[in-house]
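Examination of the molecular architecture
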Amino acid sequence: MAKLRIEFLKSCPGKTGLPVDGLPEMAFIGRSNVGKSSLINRLNSGPKVARTSSRPGCTQYINIFTTNKNFYIADLPGYGFAKAPDRLRRQWTEWIGWYLRERQTLRGTILLVDSRHPDLENDLSMARFLREGGKPYIIALTKSDKLKRNKLAQSVRTAGEMGPVIPVSSVDGNGMNELLKWLTTATATHSARS
Ligand SMILES: Nc1nc2c(ncn2[C@@H]2O[C@H](COP(=O)(O)OP(=O)(O)O)[C@@H](O)[C@H]2O)c(=O)[nH]1
Ligand SMILES: [Mg+2]
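Residues numbered from 1 in each chain as written. Chains lettered and ligands numbered in written order. Predicted model: local features only at pLDDT ≥ 70, side-chain atom pairs only at ≥ 80, totals over all residues. Heavy atoms only, no water.

Turning our eyes to something else, we now look at the overall build of the protein. Each helix and strand counted, the protein has 5 helices and 7 strands in total. Reading the helices (α) and strands (β) of the protein from amino to carboxyl end gives β-β-α-β-β-α-β-α-β-α-β-α. Against the 2.2 N^0.38 benchmark of 16 Å for 194 residues, the protein shows a C-alpha radius of gyration of 16 Å, consistent with a compact globule. Based on the C-alpha atoms only, the size of the protein along its principal axes is roughly 45 × 40 × 35 Å. For the protein, the residues scored as buried account for 49% of the 194 residues in total. (Helix = DSSP H or I, 4+ residues; strand = E, 2+ residues; numbered from the N terminus. Rg over C-alpha atoms; globule rule 2.2 N^0.38 Å. Buried < 20%, exposed > 50% of the residue type's maximum accessible area, 1.4 Å probe, protein only.)

What follows covers the site of ligand 1. Contacts to ligand 1 come from 16 residues, most closely from Asn33, Lys36, Ser38, Asp145 and Ser170. Between serine 37 and ligand 1, the recorded distance is 2.9 Å, taken from a side-chain N or O atom to an oxygen atom. For ligand 1, the accessible surface in isolation is 580 Å², of which the surrounding protein chains cover 78%. Looking at side-chain class alone, the shell around ligand 1 contains 2 nonpolar, 10 polar and 4 charged residues. (Near = heavy atom within 4 Å. Polar contact = N/O pair within 3.5 Å; in protein donor to acceptor, adjacent residues only side chain to side chain. Areas by Shrake-Rupley, 256 points an atom, 1.4 Å probe, with all protein chains shown as cover. Nonpolar A, V, L, I, M, F, W, Y, C, P; charged D, E, K, R; others polar.)

With that settled, consider the packing of aromatic side chains. Following the criterion strictly, the structure yields 3 aromatic pairs and no others. An angle of 75 degrees between the planes, with centres 5.6 Å apart, marks the rings of phenylalanine 8 and phenylalanine 65 as edge-to-face. Taken as a pair, phenylalanine 8 in strand E1 (residues 6–12) and phenylalanine 65 in strand E3 (residues 62–67) lie far apart in primary sequence, 57 residues in all. Centroid distance tryptophan 95 to tryptophan 98: 6.0 Å. Interplanar angle 20 degrees. Geometry classified as stacked. One end of the pair, tryptophan 95, and the other, tryptophan 98, are both in helix H2 (residues 86–102), 3 residues apart, so they sit about a helical turn from each other. Given the relative accessible area of 9%, tryptophan 95 is considered buried. (Phe/Tyr/Trp six-rings, centres within 6.5 Å; stacked < 30°, edge-to-face > 60°.)

The residue threonine 105 is located in the loop between H2 and strand E5 (106–114) in this model. Beyond its immediate stretch of four places on either side in the chain, threonine 105 contacts Gly22, Leu23, Pro24 and Glu25. (Contact = heavy atoms within 4.5 Å.)

Glancing now at the side chain of serine 37. Mapping serine 37 onto the fold places it in helix H1 (residues 36–43). Polar side-chain contacts of serine 37 include one of 2.7 Å to the backbone oxygen of arginine 51. Those residues within four positions of serine 37 in sequence are excluded, and the remaining contacts are Ala50, Arg51, Thr52 and Asp75.

Time to look at the packing of H1 against helix H5 (residues 176–188). Relative orientation of the contacting elements H1 and H5 amounts to 85 degrees, with a least axis distance of 11 Å. The angle between H1 and H5 places the two elements in the roughly perpendicular class. Contacts between H1 and H5 involve Leu39, Arg42 and Leu43 on the former and, on the latter, Met176, Leu179, Leu180 and Leu183. For the contact of H1 with H5, the residue count by class is 6 nonpolar, no polar and 1 charged. (Axes fitted to C-alpha atoms, helices over the stretch in contact; angles between N-to-C directions. Parallel < 35°, antiparallel > 145°, perpendicular 65-115°, else oblique.)

Moving on to the pattern of salt bridges. For the structure on display, the rule yields 5 salt bridges. In this structure, arginine 103 engages glutamate 25 in a salt bridge whose closest nitrogen and oxygen atoms are separated by 2.7 Å. Taken together, the residues arginine 103 in the loop between H2 and E5 and glutamate 25 in strand E2 (residues 25–30) connect sequence positions 78 residues apart. Assigned by exposure class, arginine 103 and glutamate 25 land together as buried. The residue glutamate 121 makes a salt bridge to arginine 128 at a minimum N-O spacing of 3.3 Å. (Salt bridge = Lys/Arg side-chain N within 4 Å of Asp/Glu carboxyl O.)

What follows is the structure, encoded as structure tokens:
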């Protein structure tokens, strides 16, 4: 299976830390614990580069990774963890809202959605936000290994309301080639603003 060579570059707490060399960027976003770090690690040909855990974190940093395909991966902080204080939620909305709306080099977004919960309100509103933003995005329906075939098909249909769907699994590798193809195509496509 084709893979990327991914390396961690840096953690950015705000705009000033983001790369300025103009290389295209692809964002990964989703609820905490949806499987974002695992997916980035699975796409990578080398050892783990993204930290995985079973406990939702609440870091507000955007983690930037380099790839051998001349684009950056931006790992955005997860949303939707119930216990976050209001102050943290406001910060998240401001910083990530700014990033998704204004980041000139952003070429596309992978919205990760748990295949067992394909219709959660915060995922639906993120999908709406991305659609309104007008840049390419795709729904990566995570942990597809956890569902039987017909349940997964049902989940793909439900998630299809939000946009184009690729079911993926970091455990058995389902969907990785398709996701990789989408990533490389979207990074090569110039947006109207660049
Ligand atoms: N069965 C299964 N479990 C997964 C998969 N991806 C992630 N997980 C588990 O889900 C939990 C959260 O994963 P993580 O990658 O840290 O999520 P993040 O918070 O979105 O970065 C961990 O316990 C992972 O082992 C998957 O594709 N299949
Ligand atoms: Mg993570």
